[in-house]
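For reference, the chains in residue letters:
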Amino acid sequence: VQLVESGGGLVQPMGSLRLSCAASGFTFSNYVMYWYRQTPGKEREQVAEITSTGSRTNYADSVKGRFTISRDNDKNTVYLQMNSLKPEDSAVYYCSTVMGWSLTRYWGQGTQVTVSS
């Protein structure tokens with residue numbers, strides 16, 4: 001299982017970024033995908049999730065109405081469109097999935113998002 005995030009960077013408040021996560025090593029279209037974020041000294045926080053077909057999504061209250069998770073099962077990629085960014089959205093963003101009877105969670109290496117003027 002390999003998850004590779006990209007698209008992070010420095011953006012001004014109220015700006016936008018789109019994160020991508022390229023997946024390989026498993027049948028991507030069979031699995032729920034997640035985006036998490038983490039800041040130093042805090043626990044990793046789930047930001048969004050999307051079902052295997054993309055038919056349902058769920059968001060943390062802190063990002064509802066601003067972030068959109070989507071996926072392209074032909075490209076084995078999950079996206080996180082982030083609009084109206086705030087300084088408190090600054091974090092390392094990770095994509096993740098869970099598989100197997102043991103519910104093993106897999107993580108990418110993360111991509112840094114910094115929202116600052």
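In this text, all values refer to a predicted model and were calculated from it rather than measured experimentally.

Caption draft 1: Structural view of the environment of glutamate 49. Examined against the element boundaries, glutamate 49 turns out to sit in strand β5 (residues 45-50). Placed 10 residues apart in sequence, glutamate 49 and tyrosine 59 show a C-alpha to C-alpha distance of 6.7 Å. Apart from the residues lying within four places of it in its own chain, the contact partners of glutamate 49 are Val32, Met33, Tyr34, Arg56, Thr57, Asn58 and Ile69. Among the polar contacts listed, one links the side chain of glutamate 49 to the side chain of glutamine 46, at a separation of 2.8 Å.

Caption draft 2: Spotlight on the pattern of salt bridges. For the structure on display, the rule yields 4 salt bridges. The partner of arginine 37 in a salt bridge is aspartate 89, with the nearest N and O atoms 2.9 Å apart. Separated by 52 residues along the polypeptide, arginine 37 in strand β4 (residues 33-38) and aspartate 89 in the loop between β8 (77-82) and β9 (91-99) bring together distant segments of the chain. With a relative accessible area of 0%, aspartate 89 lands in the buried category. Across the pair aspartate 61 and lysine 64 runs a salt bridge, and its minimum N-O distance is 3.2 Å. The class for aspartate 61 is exposed, based on a relative accessible area of 64%. Members of the salt-bridge network, linked through shared partners, are Arg37, Glu45, Arg66 and Asp89.

Caption draft 3: Examining the environment of valine 1 more closely. By the element assignment, valine 1 lies in the segment before β1 (2-6). In the structure, valine 1 is positioned 52 residues away from threonine 53 in sequence and 19 Å away in space, judged by C-alpha atoms. Excluding anything up to four places from it in sequence, valine 1 contacts Ser24, Gly25, Phe26, Met99 and Tyr106.

Caption draft 4: Region of the structure containing the state of the cysteines. This structure, assessed with the given rule, holds 1 disulfide. The disulfide partner of cysteine 21 is cysteine 95, and the gap between their sulfur atoms is 1.9 Å. Here the S-S torsion is close to 40 degrees, and the disulfide linking cysteine 21 with cysteine 95 is therefore right-handed. With cysteine 21 in strand β3 (residues 17-24) and cysteine 95 in strand β9, this pair connects stretches of sequence that are 74 residues apart. Accessibility assignment for this pair places cysteine 21 and cysteine 95 in one class, buried.

Caption draft 5: Representation of the sheet that holds β8 within the structure. Pairing in this open sheet of 4 strands is antiparallel, and the strands run β1-β3-β8-β7 from one edge to the other. Only two strands of the sheet have a single partner each, and these edge strands are β1 and β7 (67-72). For this sheet, the mean angle separating the axes of adjacent strands, direction not counted, is 15 degrees. Sheet topology note: the β7/β8 ladder contains 6 bridges and is antiparallel.

Definitions and limits used
- Residues numbered from 1 in each chain as written.
- Predicted model: local features only at pLDDT ≥ 70, side-chain atom pairs only at ≥ 80, totals over all residues.
- Heavy atoms only, no water.
- Helix = DSSP H or I, 4+ residues; strand = E, 2+ residues; numbered from the N terminus.
- Contact = heavy atoms within 4.5 Å.
- Polar contact = N/O pair within 3.5 Å; in protein donor to acceptor, adjacent residues only side chain to side chain.
- Salt bridge = Lys/Arg side-chain N within 4 Å of Asp/Glu carboxyl O.
- Buried < 20%, exposed > 50% of the residue type's maximum accessible area, 1.4 Å probe, protein only.
- Disulfide = S-S within 2.5 Å.
- Pairing = 2+ DSSP bridges.
- Axes fitted to C-alpha atoms, helices over the stretch in contact; angles between N-to-C directions.

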